[in-house]
Amino acid sequence: MSANEEKKVAAQQKLKGWLEAKSNLDASCIVHQALNLLASKWLLLILLALMQRPKRNSELQRQIRGVSPKMLAQSLRQLEASGLVHRQVFAQVPPRVEYSLTAFGESIAPFLAELCDWSVTWEAQVQTFQPAAGQQLAGE
């Protein structure tokens, strides 16, 4: 068995064991709460962009194409409220605001790296399910 296959089996066993120990996935479930914290179209992309370095709102706006200024501001506020992102205001004229990851936010790096690896590995399948430009998936 290859190292990649061993890793996959270990991950599946870990997940299976966790799910057997947790009989329900309701709002009291910590995984439910964690997924709720990150379950947004833009939050993971913002976190991924901030993994590079602290950035200003305008830098994030340019890097994350398709996010509206309103949605970016709302998402940054949500990430700040959850403790994943730190907002620093510099006392200068004009005022400058910079966003960076907290230690809690940086702790998501291994998960995001795995998600990026998965995306590249399954690129053809992932692209198959992309809605056409301007079209939304049901439920969005």
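Residues numbered from 1 in each chain as written. Predicted model: local features only at pLDDT ≥ 70, side-chain atom pairs only at ≥ 80, totals over all residues. Heavy atoms only, no water.

## A closer look at the packing of aromatic side chains
Where we set the bar: Here a pair means two rings of Phe, Tyr or Trp (six-membered ring of Trp) with centres within 6.5 Å. Their orientation is stacked below 30 degrees between planes, edge-to-face above 60, and tilted elsewhere. A ring is considered to have a charge above it if a Lys NZ or an Arg CZ atom is located within 6 Å of its centre and within 35 degrees of its normal.
The final tally for this structure, using the stated rule, is 0 aromatic pairs. One residue, arginine 96, lies across the ring of phenylalanine 90, its end atom 3.8 Å from the ring centre.

## Here's the deal with a nonpolar patch on the surface
Heads up, the condition is: Only residues above 30% relative accessible area that lack a salt bridge enter a patch, with like-charged residues linked at up to 9 Å and the nonpolar side chains Val, Leu, Ile, Met, Phe, Trp and Tyr linked at up to 5 Å. Methods summary: accessible areas were calculated by the Shrake-Rupley approach with a probe of 1.4 Å, and residue burial reflects only the protein chains presented. Think of a salt bridge as a Lys or Arg side-chain nitrogen and an Asp or Glu carboxyl oxygen that are within 4 Å of each other. The helix count covers DSSP runs of H or I at least four residues long, the strand count covers runs of E at least two residues long, and both are numbered beginning at the N terminus.
A surface patch of nonpolar side chains, about 650 Å² in accessible area, is lined by Leu15, Trp18, Leu19, Leu25, Ile30, Val31 and Leu35. Breaking the nonpolar patch down by element, the ones donating at least two residues are helix H1 (3-21) and helix H2 (30-38). With respect to the helices and strands, leucine 35 occurs in helix H2.

## Structural notes on helix H3 (residues 43-52)
Which entries qualify depends on this criterion: Only protein chains enter the accessibility calculation, which uses a 1.4 Å probe; a residue is then buried when its area is under 20% of its type maximum, exposed when over 50%, and partly exposed in between. Each direction from the helix axis to a C-beta atom contributes to the arc, which is the arc of those directions. Only heavy atoms enter the contact rule, under which two residues are in contact if any of them lie within 4.5 Å.
Within the sequence span of H3, burial applies to Leu43, Ile46, Leu47, Ala49 and Leu50. For H3, the angular spread of buried residues about the axis comes to 160°, placing them on one side. Of the surrounding secondary structure, the elements contacted by the buried residues of H3 are H2, helix H4 (57-63), helix H5 (69-81), strand E1 (85-90), strand E2 (96-101) and helix H7 (109-121).

## Remarks on the side chain of glutamate 98
What counts is decided by this rule: Whenever two N or O atoms come within 3.5 Å, that pair is a polar contact, provided that in protein one can donate a hydrogen and the other can accept it, and provided that, for residues adjacent in sequence, both atoms are side-chain atoms.
Looking at where glutamate 98 falls in the secondary structure, it is placed in strand E2. At 3.4 Å, the side chain of glutamate 98 forms a polar contact with the side chain of arginine 96. Not counting residues within four places of it along the chain, the set of residues in contact with glutamate 98 comprises Pro54, Lys55, His86, Arg87, Gln88 and Phe90.

## With respect to the side chain of serine 100
With respect to the helices, strands and loops of the structure, serine 100 is situated in strand E2. Residue serine 100 is classed as buried on the basis of its relative accessible area of 18%. Apart from residues no more than four positions distant in its own chain, serine 100 is found in contact with Pro54, Leu84, Val85 and His86.

## Structural notes on unusual backbone geometry
With an omega dihedral of -10°, the bond running from valine 93 to proline 94 counts as a cis peptide bond. Note that proline 94 resides in the loop between E1 and E2.

## Thoughts on the environment of isoleucine 30
Of note, isoleucine 30 is situated in helix H2. Since its relative accessible area comes to 57%, isoleucine 30 is described here as exposed.

## Concerning the environment of leucine 76
Along the chain, the position of leucine 76 falls in helix H5. The sequence separation of leucine 76 and arginine 56 amounts to 20 residues, and the corresponding C-alpha distance is 11 Å.

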